[in-house]
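# Secondary and tertiary structure notes
Letter by letter, the chains look like this.
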Amino acid sequence: MMDQMPARVIAKCMEMGMMVTINARLDFETIQVLADEFGYDAQLMEEYEEEVLGVDDSQAEDLEPRHPVVTVMGHVDHGKTSLLDWIRKTHVVSGESGGITQHIGAYEVTTSVGKVTFLDTPGHEAFSAMRARGSQVTDVIVLVVAADSMVMPQTVESIELAKREKVPLVVAITKMDLPTANPDKIRAQLAERGVEVEQWGGNVSCIEVSARTGEGMQQLLETLALEAEVLELKASKSAHARGAVVESKLDAGKGSMATILVQNGTLHIGDPFVCGVYAGRVRAMFDDRGKQMKSAGPSAPCQVLGFDGTPQAGDELTVVEDEKTAREIASKRRMAARERDLRARKSISLESTYEGVKNGTISELNLIIKADVGGSSEAIAASLEKLSNSEVKVNIIRKGVGAITDSDILLASTSQAVIIAFHLMPSFSIREMAQKEGVQIKNYRIIYEIIDDIKNTVEGLLKPTT
Ligand code: GDP
């Protein structure tokens, strides 16, 4: 777009200290600097979003109220599973009881004041995965606290998470059937954590329940259904569907399947879609009783068949025009993901190892030693191996005499090693290959400097070199 000869762009990169080839992919920061050099301004755009997929929910004209999606959180053993099970068990629609309950990671219940969707994905992992991918799937968090216990570490974590993510809380004080239940104590402890419940003049609903007797459950459900109005949750039913993967698995018989929580629009049988790095077409949809569905609207969970690979929890599913478009977008995303992956995997250097040692994520340093004469490489290898300590092991994976070769670079790349060059001057083509493969070559002329650097690296003391 800058209308420049590739050679000039490459030359500019080299001026900036980057050995690149015409096929190299640059990261955005580099592109910005480079564009600036040529008098242009680079802007980062979302990958294949608006223009291809044509979604902008906020602008849609046919927004209608939708029901809330709820996640239950709280300390272990405080009664989350029991609460979810109770709600689920008591909401089997009569006449449909033939269907066998399937665990698909989410289910929907109908109360006297509206529907509520519950996410019952085990643990917080899926939730974190979804957050990490930027999809906000939960409208309300039900904070479960056992009435006979107290505010515990995971209770506090859940409160903090809700605050951080700006997701409203509804408190459920459960196990109220126990004689030792003391809900006032819980309310006091919650207040200390900044959760002001309505009984105490705050604005957080707090319902006393029991999964054993069912006490308070109806009230809890109604409170949740009403939250949708307070939060003014809205979505368009007519739009192309967009949703998030709640759970996924590879079934031996049926292939890849995923539970999708529709966030906007309506998902229909036959819809072509992209989902993360995969494409597909909705072959079949099932609800949480294994019953076939023809379509699923906003806030509805459904299990979908028809993926060409297994997506991950948190991936977004978006319906597109046709299967060809879906496959194209998916393949571009796959390429970009592979590229990112390679880049992340390959950049091994003494500096990154040092960082890894410091934060405890690295426990090995692989080295390739090349020297001008045989005696030196032996001596260096022997001294460096001795630097292993209880936290980091120094592995000499190859030692040799003479110039650094392609095979040294490839070995370094596959085994994530740093090359130590002693009294050698790597050729241009070798330096270029190392750059491409993300391999660091450290040049030295004095043995004790090598020892110092490696010692500092494994001890997590290295001063970053410029
Ligand atoms: P989770 O770890 O938060 O999912 O907690 P569970 O739902 O597995 O419950 C932990 C324990 O508390 C189990 O032994 C349940 O039987 C018990 N429990 C859960 N809810 C109630 C309740 O409302 N009343 C009583 N008495 N016990 C309960």
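Residues numbered from 1 in each chain as written. Predicted model: local features only at pLDDT ≥ 70, side-chain atom pairs only at ≥ 80, totals over all residues. Heavy atoms only, no water.

## A few points about the nonpolar core
In terms of nonpolar packing, the biggest core is built from 22 residues, with Leu 83, Ile 87, Phe 118, Leu 220 and Leu 224 touching the most fellow members. For this core, the secondary-structure elements that each account for two or more residues are strand S2 (69-74), helix H4 (80-89), strand S3 (106-111), strand S4 (114-119), strand S5 (140-146), strand S6 (169-174) and helix H8 (217-230). With 5 residues, H8 is the single largest residue contributor to this core. Excluding residues that lie within four positions of it along the chain, Ile 87 makes contacts with Tyr 107, Val 109, Phe 118, Met 217 and Leu 221. By size, the runner-up hydrophobic cluster in this structure holds 21 residues, among which are Ala 147, Ala 162, Ile 173 and Val 195. (Core = buried A, V, L, I, M, F, W, Y, C linked by side-chain atoms within 4.5 Å. Buried < 20%, exposed > 50% of the residue type's maximum accessible area, 1.4 Å probe, protein only. Helix = DSSP H or I, 4+ residues; strand = E, 2+ residues; numbered from the N terminus. Contact = heavy atoms within 4.5 Å.)

## What to know about the site of the ligand
Surrounding the ligand, one finds 15 residues, the nearest of these being Asp 77, Thr 81, Ser 82, Asp 177 and Ala 211. Here an oxygen atom of the ligand sits 3.5 Å away from a polar atom, N or O, in the side chain of Ser 210. One nitrogen or oxygen atom from the side chain of Arg 212 is found 3.1 Å from an oxygen atom belonging to the ligand. In the complex, 76% of the free accessible area of the ligand, which totals 580 Å², lies under the protein chains. Broken down by element, the residue count for the shell around the ligand peaks at 3 residues, all from H4. For the shell around the ligand, the residue count by class is 3 nonpolar, 7 polar and 5 charged. (Near = heavy atom within 4 Å. Polar contact = N/O pair within 3.5 Å; in protein donor to acceptor, adjacent residues only side chain to side chain. Areas by Shrake-Rupley, 256 points an atom, 1.4 Å probe, with all protein chains shown as cover. Nonpolar A, V, L, I, M, F, W, Y, C, P; charged D, E, K, R; others polar.)

## Things to note about the sheet that holds strand S20 (residues 417-422)
Taken in spatial order, the 4 strands line up as S19-S18-S20-S21 in an open sheet, and their pairing is parallel. Edge positions in the sheet fall to strand S19 (393-401) and strand S21 (441-444), since each of these pairs with one other strand and no more. Pairs of neighbouring strands in the sheet enclose a mean axial angle of 25°, with direction left out of account. As defined by bridge partners, S20 adjoins S21 across 4 bridges and the pair is classed as parallel. The partner of Ile 420 across the bridge, within S21, is Lys 442. (Pairing = 2+ DSSP bridges. Axes fitted to C-alpha atoms, helices over the stretch in contact; angles between N-to-C directions.)

## Some points on unusual backbone geometry
Outside of glycine, negative phi angles account for most residues, and trans bonds account for most peptide bonds. Of note, Lys 166 is a non-glycine position whose phi angle comes to about 55°, a positive value. Here Lys 166 is to be found in the loop between helix H6 (153-164) and S6. Positive phi is not limited to glycine here, since Glu 232 has a value of about 50°. Along the polypeptide, Glu 232 turns up in the loop between H8 and strand S8 (234-236). The exposed category is assigned to Glu 232, whose relative accessible area is 57%.

## What about the pairing of S3?
As paired elements, S3 and S4 share 6 bridges and run antiparallel to each other. Bridging across to S4, Glu 108 finds its partner in Thr 117. Turn length for the S3-S4 hairpin, with the two strands adjacent in sequence and antiparallel, is 2 residues.

## Description of the packing of aromatic side chains
For the coordinates displayed, the defined rule picks out 2 aromatic pairs. Seen in terms of ring centroids, Tyr 107 and Phe 118 are 5.7 Å apart; in terms of plane orientation they differ by 35°. Their pairing is tilted. You can see Tyr 107 sitting in strand S3 and its partner Phe 118 sitting in strand S4, a full 11 residues away along the chain. Given a relative accessible area of 1%, Tyr 107 falls into the buried group. Among the residues examined, Phe 118 registers a relative accessible area of 0% and is labelled buried. (Phe/Tyr/Trp six-rings, centres within 6.5 Å; stacked < 30°, edge-to-face > 60°.)

## Considerations on helix H14 (residues 447-458)
Here H14 contains 12 residues, and its C-alpha end-to-end distance of 17 Å stays within 8% of the 16 Å for a straight helix at 1.5 Å per residue. Listed in full, the buried residues belonging to H14 are Ile 450, Asp 453, Ile 454, Thr 457 and Val 458. Buried residues of H14, viewed axially, fall in a sector of 125°; they line one side. Turning to H14, the residues buried within the fold contact helix H10 (350-358), strand S18 (364-371), helix H11 (374-385), S19, S20 and S21. Downstream of H14 by one or two residues, Gly 460 has phi in the positive range, about 70°. (Expected span 1.5 Å × (residues − 1). Arc of directions from axis to C-beta.)

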